[in-house]
Amino acid sequence: MDLKITGRWAVICAASEGLGFACAAALVAEGVNVVINARRTEQLEMAALQLQEINSAVSIRWISGDITQPETQEAVLTASPMVDILITNAGGPPTGHFSEWSHDIWYQAINTNMLTPITLIQAVINKMADRSFGRIINITSGTVKAPQNELGLSNGARGGLTTFVSGLAKSHLLMRNNVTINNLLPGAFETQRLRQTFKQKALRYGDSPENMAMQRSQKIPAGRFGIPEEFGACCAFLCSTHAGYITGQNILIDGGAYPGVF
Ligand code: NAP
């Protein structure tokens, strides 16, 4: 299927690896020019080279810096001549116990996983409406639908983003001007983040990361972790011209792990 977004410009935050990179790769394959961001310059530069190999006809720009910082947000947004597509993403907050989370730790989680995406959305949305095209995807988490106690920081911050987006996405101004906002909710995907989680859990439970990973994958009806390319493909479709009637949705990609109906 031709997604009909060739020549568009996308800003993809936190995209030197993992799910952000997979979204960038899927968009680049569709002929979208991209600005990618991450903190570590070397990895980001390598990611940009990989993207250029996927499609030599598109422009690839990269801006290193922490996306939670206003100067990085400004640099990322101005590196793109226009923002037709915005993918918000950043690292997830640490796991732990609620009794350990100070106000500062809470603020950091809320700033990273709620206020930063909202600030970026605010910066681009009116111009998208003026141009009658806009696609915004927030990478959140399956735990928004099925919160886990140890992921309380993520549950709280991403929950706030989710309900904010639900209200905004349905505004007449956006929908009458072909601007959509959706959230993609990853279950367990084979990325550095997931590998790191198993290392931490293995230390806590005195087991090996490999064993913890195997046990977890067997609990997923698919019997495996998600592949980032599967995530990227879904993102690219939601950014396509064809997806203009889909907004305010929380799309879970989890190999059947969520037990509920809705
Ligand atoms: P990942 O493999 O660890 O990749 C994270 C990417 O984000 C890297 O490119 C990293 O590069 C960049 N990054 C992190 N913090 C950043 C910041 N403050 N500013 C700019 N760039 C930043 O993670 P992932 O698995 O793709 O996860 C992406 C998001 O999905 C996270 O929020 C995660 O919590 C969530 N999620 C993932 C899973 C899963 O199974 N993978 C499940 C549920 C939710 P630098 O380190 O160089 O900045």
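Structure shown above.
Heads up: these notes are all about the structure in this document. Remember, predicted model here, so these are calculated numbers, not experimental data.

### As for the site of the ligand
- In the vicinity of the ligand, 29 residues are found, and the nearest of them are Ser16, Leu19, Ala90, Phe189 and Thr191.
- Note that an oxygen atom of the ligand is positioned 2.6 Å from one of the side-chain N or O atoms of Ser16.
- Coverage of the ligand by the protein amounts to 92% of the 890 Å² it exposes when considered alone.
- Among the elements of the structure, helix H1 (18-29), strand E2 (33-38) and helix H7 (192-205) are those that each provide at least two residues to the shell around the ligand.

### Examining the packing of aromatic side chains
- Tallied over the entire structure, the rule returns three aromatic pairs.
- Consider the rings of Trp101 and Trp106, whose centres lie 5.9 Å apart with planes at 85°: the pair is edge-to-face.
- Judged by its relative accessible area of 28%, Trp106 is partly exposed.
- Seen from the ring of Phe133, Arg8 lies directly overhead, with NZ or CZ sitting 3.7 Å from the centre.

### A closer look at the sheet that holds strand E7 (residues 250-253)
- The sheet built from seven strands is open, its strands ordered E3-E2-E1-E4-E5-E6-E7 with parallel pairing. Each edge of the open sheet carries a strand with a single partner, namely strand E3 (60-64) and E7. In this sheet, adjacent strand axes meet at a mean angle of 15° when their direction is disregarded.
- Of the pairings in the sheet, the one linking strand E1 (residues 9-12) to E2 comprises four bridges and is parallel in character.

Cut-offs and rules
Residues numbered from 1 in each chain as written. Predicted model: local features only at pLDDT ≥ 70, side-chain atom pairs only at ≥ 80, totals over all residues. Heavy atoms only, no water. Near = heavy atom within 4 Å. Polar contact = N/O pair within 3.5 Å; in protein donor to acceptor, adjacent residues only side chain to side chain. Areas by Shrake-Rupley, 256 points an atom, 1.4 Å probe, with all protein chains shown as cover. Helix = DSSP H or I, 4+ residues; strand = E, 2+ residues; numbered from the N terminus. Phe/Tyr/Trp six-rings, centres within 6.5 Å; stacked < 30°, edge-to-face > 60°. Buried < 20%, exposed > 50% of the residue type's maximum accessible area, 1.4 Å probe, protein only. Lys NZ or Arg CZ within 6 Å of the ring centre and 35° of its normal. Pairing = 2+ DSSP bridges. Axes fitted to C-alpha atoms, helices over the stretch in contact; angles between N-to-C directions.

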